[in-house]
Structures are given as structure tokens and as C-alpha cells.
Amino acid sequence: MCGIFGYIGDKQATNLLLDGLRRLEYRGYDSAGIAILNSNISSSKCIGRVANLESIVTSELNGTCGIAHTRWATHGGVTDANAHPHLSEDGTVAIIHNGIIENSRALRNWLTSEGVLLRSDTDSEVLAHLIHRARKDGLSPLDSVRRALRHTRGTWGLCAIFEDEEVIVCARNGSPLVVGVGDGESFVASDPHALTPHTQRVIFLEDGDLAVLTAGGIKTSRLDGGVSDAIVTTIDESWGEADLGDFPHFMLKEIYEQPEALRQCISGRILLGSGNGKLGGLDLATKSLRDIPHIRLIGCGTALHACQVGRLAIEELARVPTQSHVASEFRYNNPVIDPNSLYFAVSQSGETADTLSAVKEIQLKGGQVMGIINVVGSSIARQCARGVYIHSGPEQAVASTKAFSNMIAALTIFSVQIGRARSLSKSDGVSVLKALNDVPDQIERYLSDVGPIMDAVEAVKDAKHVLFLGRGASAPVAREGALKLMEVAYIPCLAYPAGEMKHGPIALLEEGSPVVVICPNDKFRSKTLSNIQECKARGAKIILIHDEGDDEAAAEADVAIAVPSSHSIVSPLLTVVPLQLIAYHAAVVLEKDVDKPRNLAKSVTVE
Ligand code: AGP
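Reading the values: rules and limits
- Residues numbered from 1 in each chain as written.
- Predicted model: local features only at pLDDT ≥ 70, side-chain atom pairs only at ≥ 80, totals over all residues.
- Heavy atoms only, no water.
- Pairing = 2+ DSSP bridges.
- Helix = DSSP H or I, 4+ residues; strand = E, 2+ residues; numbered from the N terminus.
- Axes fitted to C-alpha atoms, helices over the stretch in contact; angles between N-to-C directions.
- Contact = heavy atoms within 4.5 Å.
- Phe/Tyr/Trp six-rings, centres within 6.5 Å; stacked < 30°, edge-to-face > 60°.
- Buried < 20%, exposed > 50% of the residue type's maximum accessible area, 1.4 Å probe, protein only.
- Lys NZ or Arg CZ within 6 Å of the ring centre and 35° of its normal.
- Core = buried A, V, L, I, M, F, W, Y, C linked by side-chain atoms within 4.5 Å.
- Domains from an automatic or database assignment.
- Near = heavy atom within 4 Å.
- Polar contact = N/O pair within 3.5 Å; in protein donor to acceptor, adjacent residues only side chain to side chain.
- Areas by Shrake-Rupley, 256 points an atom, 1.4 Å probe, with all protein chains shown as cover.
- Nonpolar A, V, L, I, M, F, W, Y, C, P; charged D, E, K, R; others polar.
- Expected span 1.5 Å × (residues − 1).

Moving on, we get to the sheet that holds strand β21 (residues 387-389). A sheet is described by the order of its strands in space; here five strands give the open sequence β18-β17-β19-β20-β21, paired in parallel fashion. The sheet is open, and its two borders are formed by β18 (322-326) and β21, each paired with just one other strand. In this sheet, adjacent strand axes meet at a mean angle of 20 degrees when their direction is disregarded. With five bridges connecting them, strand β17 (residues 295-299) and β18 associate as parallel partners. Bridging from a neighbouring strand, G299 pairs with V326 of β18. Sitting on the sheet, helix α13 (residues 402-420) is in contact with β17, β19 (342-347), β20 (368-373) and β21, with an inclination near 160 degrees to β19.

What follows is the structure, encoded as C-alpha cells:
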């Protein structure tokens, strides 16, 4: 979603800023812009890619202090005028803003009645005018931002620069912002990933924090004028080192990285000797694991599908009632929070606004929430305080792949850990963990010969719609396959538990309709095979994901893709891989922008 990068120091800012924006491109955006302070503020902005912005940036844009932005439209269409930065009428203040100003309509009306000419349809522009008015009243840059924000309701990751003073003022409320401490220079970004080429010393601003950046350093404070608790922390340099290598797209690279990413996730967390799992970050004693009455898993999109797989594993292995929740619904349904229950917030980015808000709601009502997160130091990770990192490494493609696998792996280990504290036998624990341990090698073997993926692509690429079916843990895998194909290839997809198909979606089937069925050799196999017959009887074309050696199932399919056979608890880790590949290759064949699908963002920081 929207990206922010800012620089102040002794170097020419323009190239640094454009480079910063390029590192944020993976988040997804529709326009880009830049403002540089010299003797006055010059800015350029346009719709489209950072490369478009680069082509219109002129030599006037030189100076050692500037801010840059990639916009993902919320209020106002995708137009040059709506791109950030927004300037005050006289051009002496420029701002970039992530988040949503909820009272922008009232503020726009008031500014208009005061004779201010608004040049965009955005909610953000009001901030430039409010800050400018405070500045005209003689307030310092910091106090001008403070006064403007006191009139504002909503969320912000905000940066402002001023014609008459070389500073960047930053503010955070509900939209991530991290400042970077350099030698004789300071940085700000919406994502620490953009800072790592310049500095590993960062300050994660908290909600209500402000920061004033100069070349000489950073001063933080609170919106109410108090002292901020923000401290300098050191982040891992390697986090920023994702590059394509020999792969044409990040999505494909990340699919192929799954074996290694899974090894990173499970390493040191599997105790085969005792058949137990060890997620140290949870810091839960056996006694507490025994007493937990209920578990709730919360996430969005792919993370939600991982929760749905995890829910089944926990109930199966630990016999603890468990539910998964759509984060955006959970928060607003006035959830009943049991302080004895355990809540997990599952997120790759750790910045998803819906999930973060759900965490805050649970905490407000006295619940304990653990994070299952990829990005170290992200907002949700910090908000939860306890939890586990899934160690997928940087995931750049908007379509999540390796994070899905690692979320499931972490939840599987947790299922064993809580199961062993209750009624799970050692031998059952060992058999799940051994199966999990084998998965990286099994995926590697599958990826060395992926089977007739291109035949499946041929069957789906021009389809009006594609139906995905599965039972048990394969039902969320079906949803994940449908989400992947829909988001990168823009093909309408529907996913259903296979047994539910006859209650509605079967009406869609006609001669040649592609149906993707996930049918590993588990207790649901024979029922799913019957559902395949029901589809075939209506002329559907079956793309089947099945276990190696299951020739009887393969014989029922038009396209049969075999994956290595595994324990039913971990089978989603194998069956999802061909679905990821089908989505990827369909998008390539259809010439879609695989890594940055239209309208989507990598970290969804608005509700
Ligand atoms: C996955 O391919 C999607 N792009 C999206 O559904 C994503 O999983 C969702 O927005 C949640 O993101 P998170 O894991 O960073 O919280």
C-alpha cells in the first residue's frame, strides 16, 4: 500500500528518494511523487510506476532534503492531481501521507469556506493546508504539524517539509513509520526494508509519536507534547537483500524458496526425541497450555487461509476448540473476549490494519494475543510483544506464497506443542513432526518435476470462472488456490468445501468448466472422488491435485498433478504448491503484472 521515503543530509536527495520508492514498489501502488527542498520546494508527481516519475523528474529537483511517496488510491481516483506530495497554496509546505483522514469532508468544507483552493480530491491534501495555516500563525514546523493533527481524526503516517526550515517533521498514528539514524543524515520510511541499504539503526515510531529529522539527528516527542518512549533499535541488514536472481518474477522465486524458508521456520523447533514442538517465543508453560479453554486465530487473505488450516490441526491434535476469524469482521463484531483463551494474530507483513486493530481490541478487553509474523519488528509483532517469527525471509511478490507455508508450519508445531501438553501421544507427535521435517525435501523433489502444470493453465486461462474444491484441510487450500489465481491472473474463482458444492455452485458447471480438486490420500479421499464424479457428470474438466501413486484418483482427471504423499496434517504444504504454480503461469501466459497485480497492495495498512 502507500509508501513513504524521506531523506535529509548532505547528499543529493533525488536519486536516494527514487531508489527508496523502488524498494517500496512491491507494496503495490498506482502513482508516485517527490518533493525536494532547495531555496523553495519543487515537486513532481504522476500516475503509474516509479519509472514514469523518474522520466519526468527534472534537474530543478536538486537539494539535500526531500520526501517521496507511492500512492494506493483510497479517497479520489488515480490521477496526477491526487498523487502525493500535496502542497499548500503558496507552495511553502509539502506533505506526503499514508492512512485515511476520517473528517476530511468537514475539513475540506471548512478550508473552502476560508477561501482555500483545494487542488485534489484526496483526504490527505487538507493536512498541507492545516499545517501551512499553523505555520503562518508563527508556530514551529513541529508545532504546526501538532496543531494540524489535533484537528484531524483518522490514521496517518505523515511527513512534511517546509520552504523556510530544513527539517522533515514526521508523525505516526495507525500507519507505520520508521526513522533511520545515519551519520550526518536521517531517513524516514513506511517500511524498514527501504532503510537497510543506508542504516540499520532505526526508531519505530509508535501511534501518537512525532519526529523531527535534521541532518544532525532525530528528536521524537508525543502529539500531546509529552516525551516519546521511542528508542533506537538495530535491524537485520539481510532483510533488505531480496533480489530476483535468475528468476523472472519474485512470485516464482518465492515459490521455489519454500523448501529453504520452511527449513528456517522449523529449525530448532522440532523435538523428535519427545515428539514435542518448541515455539520458545510463546513462553507458555505446560500448565498454561493445559488450561487454555479456547483458541482463536485471526488474519486476512492468505494468512486467514493459514489460520483455517491451523485451526483443524489444533483441534485434531490438541482437542481444543479453535476458531479462525476474518480480522476485519472480528474487530467490529464486538467480540466476546475470554481472558483465559489464547488468540493468535497471523500476518506476513505484520502491518495489516485489520489484523492490528483486532489485536488492539482483544488487548483492550483483557485477552492475550500472540503474533505469528514474518516481518521482524513490524507493528503487529511489537503490539503483541509475544509470539513467533515464521522466518520466511523477505516476501516481495504481492501474492503471498512462502509465508503461507511457514504460517502453517508454525501453527503445526504449535498444535503438537499444545497437543503434547494435553492428550497427544508421543508417537503421534513424532509422526506429525517427522512428516513436517520431511516436507522441505518433498517440495524440493516436486519442484524438480512439477507435472502437467501448463495443461492446467491451458484449461483455466480463458475460463469464465474456475471452481476449487477440497475437504478437511484441503478446503482452505482450495480457497488459497482460488485467491492466488484470482489475484494474479484476474480469473473469477470460487472455492468451496467439496461436499457443499451440490448445495449451490454446481449450478455454474457446464461443458468444459474447469474444476480444480485437491484430493490427497486422507480420510476424505473417497468422498471427494464422489464429488469429482458429480462434476464430470455435468461436463466439467477436472484438474486434480493428488498423492503420488494414487493412480485410481488420477484416472478420474483431465489433468492430474501428483505431489509427494504425506501425513494429512501437513498435506496442505504440498498440495498448495501446484496451485501457486498454476496461478503464476496463468498470469504470465495472460501477460499480467505478476508481482504487482492491479489494485492490490502487499501490506494493507488501511481498514
Ligand atoms: C495474499 O496473496 C494477498 N495478497 C493478501 O490476501 C494477504 O495475504 C493479506 O493482505 C494479509 O496480509 P498479511 O499476511 O501481511 O497480514
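What follows continues from the structure just given.
The next thing to look at is unusual backbone geometry. The omega torsion across H84 and P85 is 5 degrees, close enough to zero to call that bond cis. The residue P85 is located in the loop between β4 (65-71) and β5 (86-87) in this model. Positive phi is not limited to glycine here, since R319 has a value of about 55 degrees. Turning to its location among the elements, R319 is positioned in the loop between α9 (301-318) and β18.

It is worth spelling out the packing of aromatic side chains at this point. For the structure shown, the criterion picks out four aromatic pairs. With a centroid separation of 5.8 Å and an interplanar angle of 40 degrees, the aromatic rings of F247 and Y256 are classed as tilted. Owing to a relative accessible area of 32%, Y256 belongs among the partly exposed residues under this scheme. Ring centres 4.8 Å apart and planes at 70 degrees place the aromatic pair F344 and F414 in the edge-to-face group. Of the two residues, F344 sits in strand β19 while F414 sits in helix α13, which places them 70 residues apart along the sequence. Exposure remark for F344: the relative accessible area of 1% places this residue in the buried category. Among the aromatic residues, those joined into a cluster by ring pairs are F5, Y7 and F187. The ring of Y29 is capped by R49, whose NZ or CZ atom sits 5.2 Å from the centre of that ring. The ring of Y490 has R598 lying over it, and the distance from NZ or CZ to the ring centre is 3.9 Å.

As a further point, take the nonpolar core. Counting residues in hydrophobic clusters, the biggest one holds 91 residues, and the most contacted among them are I295, F344, F414 and L485. Two domains each provide a minimum of three residues to this core, namely domain 2 (245-448) and domain 3 (450-598). What F414 contacts, discounting residues up to four positions off in sequence, is L279, L282, L289, I295, I314, L342 and F344.

Our next topic: the pairing of strand β1 (residues 3-8). A regular strand places its side chains so that they alternate between the two faces of the sheet. Across the six residues of β1, six count as buried, placing the element largely inside the fold. Taking every second residue as pointing to the same face, both faces of β1 are buried, with G3, F5 and Y7 on one and I4, G6 and I8 on the other. Note: β1 against β4, six bridges, orientation antiparallel. Residue pairing across strands places G6 opposite I67, the latter belonging to β4. Summarising the sheet, β1 and strand β10 (residues 186-189) pair through four bridges and their orientation is antiparallel. Opposite I8, over in β10, you have S186 as the bridge partner.

With that out of the way, let us pick up the domain arrangement of the chain. As a measure of interface size, the accessible area lost when the parts come together is often cited. Here the chain is partitioned into domain 1 (3-240), domain 2 (245-448) and domain 3 (450-598). Taking the mean C-alpha position of each, domain 1 and domain 3 sit 44 Å from one another.

With that settled, consider the site of the ligand. Around the ligand, the structure places 16 residues, and the nearest of them are S347, Q348, S349, T352 and E487. The separation between an oxygen atom of the ligand and a polar side-chain atom of S347 is 2.6 Å. S349 places a side-chain nitrogen or oxygen 2.7 Å from an oxygen atom of the ligand. Here the ligand, which alone exposes 410 Å², has 90% of that area covered by the protein. Every element with two or more residues in the shell around the ligand is listed here: α9 and α16 (474-489). Counted by class, the shell around the ligand contains seven nonpolar, seven polar and two charged residues. The residue makeup of the shell around the ligand includes at least three contributed by each of domain 2 (245-448) and domain 3 (450-598).

Let's shift gears to the sheet that holds strand β12 (residues 209-214). If you walk across this open sheet you meet the six strands as β5-β6-β7-β8-β12-β13, and the pairing is antiparallel. The sheet terminates laterally at β5 and β13 (217-222), the two strands that pair on one side only. Relative to strand β8 (residues 165-173), strand β7 (residues 156-162) runs antiparallel, the two sharing seven bridges. Each residue of the ladder has a partner; that of L158, found in β8, is A171. Lying over the sheet, helix α5 (residues 141-150) contacts β7, β8, β12 and β13, oriented at roughly 30 degrees with respect to β8.

This brings us to helix α19 (residues 571-589). Counting along an α-helix, one turn takes 3.6 residues, and residues three or four places apart therefore face a common direction. Taking 1.5 Å per residue, 19 residues should reach 27 Å; α19 reaches 28 Å between its end C-alpha atoms and fits that length. Within α19, 16 of the 19 residues are buried, which leaves the element mostly enclosed by the surrounding structure. Positioned one or two residues after α19, E591 has a phi angle of 60 degrees, which is positive.

Time to look at the environment of S124. Within the secondary structure, S124 is located in the loop between α3 (104-113) and α4 (125-136). With 17 residues separating them along the chain, S124 and L107 place their C-alpha atoms 10 Å apart. A polar contact is formed between the side chain of S124 and the side chain of H97, at a distance of 2.7 Å.

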